[in-house]
Amino acid sequence: MPILQKSQADRSATFAFWAFVSPALLGLTVFTLVPIVWGFLLSLSHAQNTIHPGHFIGFRNYADLLTDEAFLKSLVTIVVFAVFIVPLTFAVSLGLALLVNKVGWGRSFFRTVFFIPSAVSYVVASLIWKVSLFNGLPFGFVNHLIGLFGVHPVAWIGTAHPPWYWLVLVTVRLWLQVGFFMIIFLAGLQEIPKSLYEAASVDGAGPGWPVFRYITLPQLKATSVSVLLLNLIAAFQAFDEFYNILGGSGASIGNASLARPPLVYLYSLALSNQDFGRGAAGGFILTALIFAVTLLQGRIFGFGGSEK
Amino acid sequence: MNKRNALTSLPRTAWLLFVALLFLIPFYLIGRNSLMTDSEITSPYWAWLSPRPQWSNFSALFHDPAAPMLTGLANSAIIAVVTLVFQMLFSSMAGYALARIPARGRNVVFFLILATLMIPGAVTFVPTFAVMAYLGGVNTRWGIIAPGVFSAFSIFLFRQFYLRFPAEIEEAGRLDGLSYFGVYWRLLLPNSTNIIMALGVLTFIASWNAFLWPLVIGQDPSAWTVQVVLSTFLSSQKLNLPQLFAAAAVGVAPLVLVFLVMQRYIVEGAKFSGGKE
């Protein structure tokens with residue numbers, strides 16, 4: 001009898017389990033797993049003007065892309081972008097978290113001010129950066145400010161030399177995302193046991209660099225790794241600010257050719273030129289690059305979570 | 001705080017005030033420009049505020065056929081709310097099953113969901129577009145909504161949350177004759193308001209601000225979200241600056257409001273997402 005009851009309970013549990021996971025499982029299957037398989041088949045096909053794989057050509061799409069100068073340039077562009085934005089975001093968000101954590105007055109005010117850009121979209125921020133803040137004409141805000149010091153207006157976005165557009169692209173993302181990472185660092189800082197600092201001050205270490213170097217930073221290791229990873233993966237998928245500040249598809253539109261990241265290139269390849277085979281192949285190459293960089297980061301800084 | 005602390009924290013506060021001022025400049029610029037005439041905006045002589053605020057920029061914006069703002073706002077609101085509701089529902093259901101219902105195949109399902117978590121979302125937009133075109137979702141609201149509803153990440157966070165839910169409460173419910181569904185609906189869901197609010201606000205903001213996928217799917221103006229309307233407006237040949245900034249103000253104001261009201265939950269959500277909870 002107990003055995004029968006147990007198997008009945010098992011069956012009702014099994015039924016409930018599948019009933020509860022099936023909507024999510026079905027959705028993830030249709031909108032993530034199927035596209036991966038479909039995309040892989042597309043990437044092996046000559047799929048011009050069609051979303052259907054079938055005209056298989058082996059790995060020629062991959063070979064074409066890896067010898068396509070514009071695509072290779074886009075990979076270099078995104079690596080350069082990541083090299084700027086990732087350490088900068090890390091340093092600024094950690095710096096702000098340290099300042100806000102210790103400030104005596106107006107703590108929640110500062111937290112709100114730094115965090116509120118998270119509510120703004122990349123499109124709106126790009127619009128402000130492009131048309132107002134870094135407008136190349138004298139009425140641009142930054143040009144107005146440097147004008148007060150007698151400096152002539154600078155064409156921030158339109159010229160390849162000097163490449164001021166990097167300043168525009170990096171600061172817009174910095175402004176948008178730094179608050180989010182500051183919040184994560186603040187949470188990390190609050191988990192550090194006070195006793196560690198007390199012990200350090202008994203040992204004669206005043207507040208300052210040594211305490212930061214030998215207590216704060218090591219204690220923040222898990223947090224730091226997760227901030228770096230989230231930031232890195234997001235940076236490699238940059239699209240919005242490049243598309244809206246420099247311009248979208250085709251070299252003739254705007255300043256897109258100055259710095260075209262992989263996603264903007266793939267967008268024009270697949271959606272404008274309707275070459276879905278190469279568009280899909282490019283997605284896999286970019287995924288491989290992201291995996292490689294993530295693993296490299298893991299080798300250098302660890303993946304976090306295991307210590308403590 | 002004693003006097004010495006107050007003194008040493010003075011430069012710190014000054015630094016923070018300076019950076020805070022920098023962070024507020026973009027908001028100031030939206031406000032300033034959206035209330036100016038075109039010639040005031042483009043004047044080489046800087047005016048910090050318009051002497052005569054042009055509130056008519058906003059009414060003109062809603063009558064401009066080049067920028068279908070009302071359609072965009074309606075689309076964005078519907079898309080963000082539907083995404084929010086269904087993502088929370090499906091993710092909490094799956095998270096509960098993965099954390100609390102013993103069944104064969106549970107580990108396989110969990111592994112499968114973790115595997116999709118590893119795939120960078122924006123990278124698969126080309127094949128996802130192909131699948132969506134096959135399903136007939138191009139130029140529809142549901143086509144924009146559907147992929148955003150299913151988030152491996154929020155399933156994972158709900159699972160972690162339910163793993164820590166006290167087992168005694170659940171067992172008491174089971175002894176009182178509640179089914180698995182009853183436990184979920186009457187015990188777990190009412191006790192999940194914190195995580196639902198935290199992840200829900202983040203989902204709403206992400207959905208409202210999303211650009212690449214709505215751009216890819218919403219090719220017809222009737223399916224444009226606010227972001228796509230703004231982007232199209234920005235790249236149009238002849239820029240109407242006052243209306244462009246009025247549009248930016250209208251596009252960003254609802255979210256700033258949501259942010260200020262819900263800030264406590266957003267902070268929690270950020271901590272969840274960063275693995276700090």
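Residues numbered from 1 in each chain as written. Chains lettered and ligands numbered in written order. Predicted model: local features only at pLDDT ≥ 70, side-chain atom pairs only at ≥ 80, totals over all residues. Heavy atoms only, no water.

Engineer: Quick one: what's the story with the interface of chain A and chain B, residue by residue and with numbers?
Structural biologist: The interface is formed by 88 residues belonging to chain A together with 91 residues belonging to chain B. Carbon and sulfur atoms supply 84% of the area buried between chain A and chain B, which totals about 8,100 Å² over both sides. The three residues of chain A that bury the most area against chain B are A:F20, A:F31 and A:F139, which together make up 10% of that side's buried surface. Where chain A touches chain B, the interface holds six residue pairs in polar contact (both at pLDDT 80 or more). Element by element, the count of residues in the side of chain A that touches chain B is highest for helix α1 (residues 2-43) of chain A, at 24 residues. Taken together, the residues that form the side of chain A that touches chain B break down as 61 nonpolar, 21 polar and six charged. (Contact = heavy atoms within 4.5 Å. Buried area = accessible area lost by both parts, 1.4 Å probe. Polar contact = N/O pair within 3.5 Å; in protein donor to acceptor, adjacent residues only side chain to side chain. Helix = DSSP H or I, 4+ residues; strand = E, 2+ residues; numbered from the N terminus. Nonpolar A, V, L, I, M, F, W, Y, C, P; charged D, E, K, R; others polar.)

Engineer: Just give me the short version of unusual backbone geometry, but keep the residues and values in it.
Structural biologist: Here the amide bond leading from A:H161 into A:P162 is cis, since omega sits at -5°, within 30 degrees of zero. Summarising the element assignment, A:P162 is placed in the loop between α6 (141-147) and α7 (165-190). Of note, B:N139 is a non-glycine position whose phi angle comes to about 65°, a positive value. Here B:N139 is to be found in the loop between α6 (125-135) and α7 (141-149). On the basis of relative accessible area, B:N139 is assigned to the partly exposed category, the value being 31%. (Buried < 20%, exposed > 50% of the residue type's maximum accessible area, 1.4 Å probe, protein only.)

Engineer: Would you mind going over a nonpolar patch on the surface in detail, with residue names and values included?
Structural biologist: Nonpolar side chains collect at one region of the surface, where A:L145, A:L148, A:F149, A:V151, B:W48 and B:L49 lie side by side and expose about 690 Å² of accessible area between them. The residue A:L145 is located in helix α6 in this model. Overall, A:L145 belongs to the partly exposed group, its relative accessible area being 32%. (Patch = residues over 30% accessible without salt bridge, like charges linked within 9 Å, V, L, I, M, F, W, Y side chains within 5 Å. Areas by Shrake-Rupley, 256 points an atom, 1.4 Å probe, with all protein chains shown as cover. Salt bridge = Lys/Arg side-chain N within 4 Å of Asp/Glu carboxyl O.)

Engineer: Tell me what's going on with the domain arrangement of chain B, and back it up with residues and numbers.
Structural biologist: One frequently used descriptor of interface size is the decrease in accessible area upon assembly of the parts. Residues and elements named next belong to chain B. For chain B, the assigned domains read domain 1 (3-60) and domain 2 (65-273). Each of domain 1 and domain 2 has a C-alpha centre, and these two points are 32 Å apart. At the interface, 13 residues of domain 1 touch ten residues of domain 2. When domain 1 packs against domain 2, close to 860 Å² is buried across both sides, 80% of that on carbon and sulfur atoms. Where domain 1 touches domain 2, the interface holds zero salt bridges. (Domains from an automatic or database assignment.)

Engineer: Which residues make up helix α10 (residues 221-236) of chain A, and what are the values?
Structural biologist: Residue and element names in this part refer to chain A. In a regular helix each residue adds 1.5 Å, so 16 residues correspond to 22 Å; α10 covers 23 Å between its end C-alpha atoms and thus fits that length. α10 sits mainly inside the fold: twelve of its 16 residues count as buried. Those residues of α10 that fall on the buried side of the exposure criterion are A222, T223, S224, V225, S226, V227, L228, L229, N231, L232, A235 and F236. Close packing links the buried residues of α10 with α3 (69-102), α7 and α13 (276-301). (Expected span 1.5 Å × (residues − 1).)

Engineer: Go over the side chain of A:S74, please, and point to the residues and values.
Structural biologist: All names here are of chain A. Relative to the assigned elements, S74 resides in helix α3. The class of S74 is buried, set by a relative accessible area of 0%. In this structure S74 touches R260, P261, P262 and Y265, once residues within four positions along its chain are discounted.

Engineer: Account for the nonpolar core, with residues named and values stated.
Structural biologist: A:F114 and B:F125 are the most contacted members of the largest nonpolar core, which has 194 residues in total. Ranked by residue count, the leading element in this core is α7(A), at 18 residues. Taken domain by domain, the makeup of this core includes at least three residues from each of domain 1 (3-60) and domain 2 (65-273) of chain B. Ignoring sequence-local partners within four residues, the contact set of A:F114 consists of A:L96, A:V100, A:G179, A:M182, B:L16, B:V19, B:A20 and B:F23. (Core = buried A, V, L, I, M, F, W, Y, C linked by side-chain atoms within 4.5 Å.)

Engineer: Describe α3(A), naming the residues involved and giving the relevant values.
Structural biologist: Here α3(A) is 34 residues long and its end C-alpha atoms lie 50 Å apart, about the 50 Å a rise of 1.5 Å per residue gives. The N-terminus of α3(A) is capped by A:D68, whose side-chain oxygen sits 2.9 Å from the backbone nitrogen of A:A70.

Engineer: I'd love a proper account of the pattern of salt bridges, names of residues and values included.
Structural biologist: For the coordinates displayed, the defined rule picks out six salt bridges over all chains. A salt bridge links A:D64 to A:R278; its shortest N-O distance comes to 3.5 Å. With A:D64 in helix α2 (residues 60-66) and A:R278 in helix α13, this pair connects stretches of sequence that are 214 residues apart. By relative accessible area, A:R278 is classed as partly exposed at 25%. In this structure, B:E268 and B:K271 form a salt bridge, with 3.4 Å as the shortest nitrogen-oxygen distance. Of this pair, B:E268 and B:K271 both sit in helix α15 (residues 263-273), three residues apart, roughly one helical turn. Given the relative accessible area of 17%, B:K271 is considered buried. Each member of the salt-bridge network shares a partner with another, and the members are A:D64, A:D275 and A:R278.

Engineer: Just give me the short version of the packing of α3(A) against α10(A), but keep the residues and values in it.
Structural biologist: All names here are of chain A. Relative orientation of the contacting elements α3 and α10 amounts to 150°, with a least axis distance of 9 Å. For the crossing formed where α3 meets α10, the hand is right-handed. Residues I78, V79, F81, A82, I85, V86, T89 and F90 of α3 touch α10, and the partners they reach there are S224, V227, L228, N231, L232, A235 and F236. Its residues assigned to classes, the contact of α3 with α10 comprises twelve nonpolar, three polar and no charged. (Axes fitted to C-alpha atoms, helices over the stretch in contact; angles between N-to-C directions. Left-handed = near helix turned anticlockwise from the far one by under 90°.)

Engineer: Summarise the side chain of B:N75; cite the residues concerned and give the values.
Structural biologist: Residue and element names in this part refer to chain B. Position of N75 among the secondary structure elements: in helix α4 (residues 69-100). According to the relative accessible area criterion, N75 is buried, its value standing at 0%. Engagement of the side chain of N75 in a polar contact is seen with the backbone oxygen of W224, the distance being 2.8 Å. In this view, N75 contacts R141, S222, A223, W224 and T225; residues no more than four positions away in its chain are not counted.

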